[in-house]
Amino acid sequence: MARYQVYRYPNQQIGADYDYMSIEVVEYTPNRSAALGQGFNLTTAGAGADRVSPKGTIILPMPDNIQDSNSVNWESDNLDSLSAKAFSAGMDLINETNLEAARTRLKAAGNNDASGTDVIMEAIKGGARSVKNSLLDAGAAAMDSKVRGAVTQKFVADGVNVVGANVNAANIISRTSGQVLNPNMELLFKGVTLRGFTYSFSFTPRDRSESSQCKAIINTFKRRMAAKKDATGGGGDGIFIKAPDVFRIKFMSGGDEHPFLYKLKPCALKTMNVVYTDGTPYMTYDDATPVKMRMTLSFQELEPVYSEDYNDFDNNGSDGVGF
Amino acid sequence: MAEVRNITLEEIRPLLGNLSRANYYQVQFGGLSTGLSNFLASRDVSRNFVGSDVGLMCKSASLPGSSLGTVESGNFHGVTENFVYQKIFTEISLSFYCDDEYRGLKFLEHWMEYAVSGGNIRSGAYASPQYNYRLQYPNDPGTGYKSQATRIFKFENNYSQVMEYNFIGLMPKSLNSVPLRYGPNSELTEITCSFVYDRYVAGSIRSYDYVLGTSNNLLANAANFVNDLRIGDAVSIFNNLIN
């Protein structure tokens, strides 16, 4: 694919009622300057790959298994009210005490200085007293003896753990009172994920021209997914290797993008697997082309899907299901 | 209340008196590649025999069957809905009388042999203990092994109506063993072969039937691009031709 090439399987004209998958090969364009875009949005390599001209196009039939899986990362998290108060007290401590003094204390502790440890212990005790006083002062009227006991047990346990004991305050509270601190569990957003896609294609060449196309398609994917050793500008050959080409994948219907199926962002080809004896013993045509092959490609998008990616979509679904 | 009424014999006679007979049919092989035709011709199975005679020697045939692949849905509890996702074509089986030159047998035997003749069969090495098979491409324009224009015609003795089946991508899949035995001199040698194909089309697929609007069992006055032409268009086309 030195110059722009189009490979297709099956090797036939594409009519208006023919659905297929179009895979464009484009050069990976890194975020060279790590330049900031608007605000704190980093310019991504995926956005770069969307702009550059393709080196070639591979047209394949609709794969056997078309599916997408969108996900974002959410995880459950606990925060009991005592820890929340302690955090609040810590914030008060930071806000209301001399930061330089706190830095000095931490530095002393980092030097394994016993006096520094004592200072930290004193700080923890002070914090605990602060929280305890805060709790007691804030809700004394509403607190009964069990709550007071639990609070005491928690901070005793925390204090004992400072000197190396392995005491779980929650277990002690549960042992002694048959109850646990309310964890205030909730699901918290942790971040975005990158989508992955695996497509499987069956090749059964019907004539010599299709055999040539199959060979070229497999060769192109193998070649374009490989890293390049011709990286330059790094101060000498062999120090760096360059990213492989990436791929723009589209489901097509005739000359237009498929009106229903999902869209993909530029993808990297991470894994390619070809079975040259798919469901048959080794058997070939007279030019040694295998009778049936199966190519499986595993792609992963270069950037996550964001809500703003749908800004250009119609809400009535005329642009398909989206990403 | 169900609509049940007396039906007279005169009413039902036109319906039941004109039933189709199973013994009026014709098989016609065609659309073989040059490579396959030459391969057969070199074994005394001429193009004329393939295009006409072997079909006439077909003693029993079957019109193709098909089925619809379906998926089920249970969106309404207690109800299973079926949805079509594919048309599935089934094999057909044809039986032939064998002539005393065995051309019918050679036709099928060497057609199947041709499909696996991509190696060095032409060099005569096929008798070698070390021989191995390679394949011909199925759809290669010059050397493919599939028939692209085999037809079965079903008609009646008055030839007023013809039901035509066109097979695309047909090839023999299984040639049954031919039974031979001592017995009466009147017993004939019969060959039975199963054929597979990519798909079939009911009705003509010839281009002139398409122009006439009678392809795919369409009535002649059904919509097609000829009938869709308006008189004004036709006059315009005619004027363009003569000017």
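Procedures and definitions
Residues numbered from 1 in each chain as written. Chains lettered and ligands numbered in written order. Predicted model: local features only at pLDDT ≥ 70, side-chain atom pairs only at ≥ 80, totals over all residues. Heavy atoms only, no water. Helix = DSSP H or I, 4+ residues; strand = E, 2+ residues; numbered from the N terminus. Buried < 20%, exposed > 50% of the residue type's maximum accessible area, 1.4 Å probe, protein only. Areas by Shrake-Rupley, 256 points an atom, 1.4 Å probe, with all protein chains shown as cover. pLDDT = per-residue confidence, 0-100. Axes fitted to C-alpha atoms, helices over the stretch in contact; angles between N-to-C directions. Parallel < 35°, antiparallel > 145°, perpendicular 65-115°, else oblique. Left-handed = near helix turned anticlockwise from the far one by under 90°. Contact = heavy atoms within 4.5 Å. Nonpolar A, V, L, I, M, F, W, Y, C, P; charged D, E, K, R; others polar. Pairing = 2+ DSSP bridges. Buried area = accessible area lost by both parts, 1.4 Å probe. Salt bridge = Lys/Arg side-chain N within 4 Å of Asp/Glu carboxyl O. Polar contact = N/O pair within 3.5 Å; in protein donor to acceptor, adjacent residues only side chain to side chain. Arc of directions from axis to C-beta. Core = buried A, V, L, I, M, F, W, Y, C linked by side-chain atoms within 4.5 Å.

## Points about the overall build of chain B
Move 1: Counting its regular elements, chain B contains six helices and ten strands.
Move 2: Relative to its full complement of 243 residues, chain B shows a buried share of 32%.
Move 3: In the form shown here, chain B has an accessible surface area of approximately 15800 Å², with 54% of it arising from carbon and sulfur atoms.

## Points about the overall build of chain A
Move 1: Assigned secondary structure in chain A consists of seven helices and ten strands.
Move 2: Scored against the burial criterion, the 323 residues of chain A give a buried share of 30%.
Move 3: Within the structure as shown, chain A displays about 19300 Å² of accessible surface, and the carbon and sulfur contribution to it stands at 51%.

## Quick look at unusual backbone geometry
Move 1: Along the chain, Tyr9(A) connects to Pro10(A) via a cis peptide bond; the corresponding omega equals -5°.
Move 2: With respect to the element layout, Pro10(A) can be found in the loop between strand 1 (5–8) and strand 2 (19–26).
Move 3: Within the chain, Asp44(B) stands out as a residue other than glycine whose phi angle is a positive 70°.
Move 4: Relative to the helices and strands, Asp44(B) is located in the loop between helix 2 (34–41) and helix 3 (47–56).
Move 5: Residue classification places Asp44(B) among the partly exposed residues on the basis of a relative accessible area of 40%.

## Section: the confidence of the model for chain B
All names here are of chain B.
Move 1: Overall, the prediction assigns chain B a mean pLDDT of 87, with 88% of residues at 70 or greater.
Move 2: Mean pLDDT across the elements of chain B ranges from a minimum in helix 6 (residues 231–242), with 58, to a maximum in strand 8 (residues 171–175), with 97.
Move 3: Model confidence for the complex is summarised by a pTM of 0.81, with the ipTM given as 0.82.

## Thoughts on the environment of Phe240(A)
Move 1: Note on placement: Phe240(A) falls in the loop between helix 7 (208–224) and strand 7 (246–253).
Move 2: Considered as a pair, Phe240(A) and Asp230(A) are ten residues apart in the sequence and their alpha carbons are 8.2 Å apart.

## Observations regarding the packing of helix 3 of chain B against helix 4 (residues 103–115) of chain B
Residue and element names in this part refer to chain B.
Move 1: The N-to-C vectors of helix 3 and helix 4 enclose an angle of 120°; their axes lie 11 Å apart at closest approach. If you check the angle between helix 3 and helix 4, you find them oblique. Crossing angle aside, the handedness with which helix 3 passes helix 4 is left-handed. Across the interface between the two elements, Phe49, Val50 and Val54 from helix 3 touch Arg103, Gly104 and Phe107 from helix 4.
Move 2: Taken together, the residues that form the contact of helix 3 with helix 4 break down as four nonpolar, one polar and one charged.

## Examining the sheet that holds strand 5 (residues 92–97) of chain B
Residue and element names in this part refer to chain B.
Move 1: Strand order in this open sheet of four strands is 2-5-9-8, and the pairing throughout is antiparallel. Looking at strand neighbours, the two that pair on one side only are strand 2 (58–60) and strand 8, the edges of this open sheet. The sheet shows a mean angle of 45° between the axes of neighbouring strands, direction not considered.
Move 2: Two elements, strand 8 and strand 9 (residues 190–196), share four bridges in a ladder whose sense is antiparallel. Paired with Pro172 across the strands is Phe195, a residue of strand 9.

## Observations concerning the interface of chain A and chain B
Move 1: On the chain B side, the residues contacting the 13 residues of chain A number eleven residues.
Move 2: Buried area between chain A and chain B, both sides added, is near 1000 Å², and the carbon and sulfur share of it is 56%.
Move 3: The three residues of chain A that bury the most area against chain B are Arg206(A), Tyr285(A) and Asp286(A), which together make up 49% of that side's buried surface.
Move 4: At the boundary of chain A with chain B, the tally comes to one salt bridge.
Move 5: Salt-bridge contacts for Asp140(B) lead to Arg208(A); the nearest nitrogen and oxygen are separated by 3.8 Å.
Move 6: For the interface between chain A and chain B, the tally reads eight residue pairs in polar contact (both at pLDDT 80 or more).

## Thoughts on helix 3 of chain B
All names here are of chain B.
Move 1: Buried within helix 3 are the following residues: Phe49, Val50, Val54 and Gly55. In an axial view of helix 3, the angular spread of the buried residues amounts to 150°, which keeps them on one side of the axis. Opposite the buried face of helix 3, by more than 90 degrees, sit the exposed residues Asn48 and Leu56.
Move 2: For helix 3, the elements touching its buried residues are strand 1 (25–28), helix 2, strand 2, strand 5 and helix 4.

## Remarks on the nonpolar core
All names here are of chain B.
Move 1: Among the nonpolar cores identified, the biggest contains 31 residues, and Phe29, Leu94, Phe107 and Phe195 are the most heavily contacted of them.
Move 2: Looking at this core, the element that brings in the most residues is helix 4, giving five residues.
Move 3: Every residue in contact with Leu94, bar those within four places of it in the chain, is listed here: Val27, Phe29, Cys58, Ser60, Ala61, Ser62, Ile152, Ile191, Thr192, Cys193 and Phe195.

## Quick look at the sheet that holds strand 7 (residues 162–168) of chain B
Residues and elements named next belong to chain B.
Move 1: Here four strands make up an open sheet; going across it, the order is 1-6-7-10 and the pairing antiparallel. Because the sheet does not close on itself, it has two edges, and the strands there are strand 1 and strand 10 (199–202). Neighbouring strand axes in the sheet, compared pairwise and without regard to direction, differ in orientation by 15° on average.
Move 2: Pairing between strand 7 and strand 10: four bridges, direction antiparallel. The residue bridging Phe167 from the neighbouring strand is Tyr200, located in strand 10.

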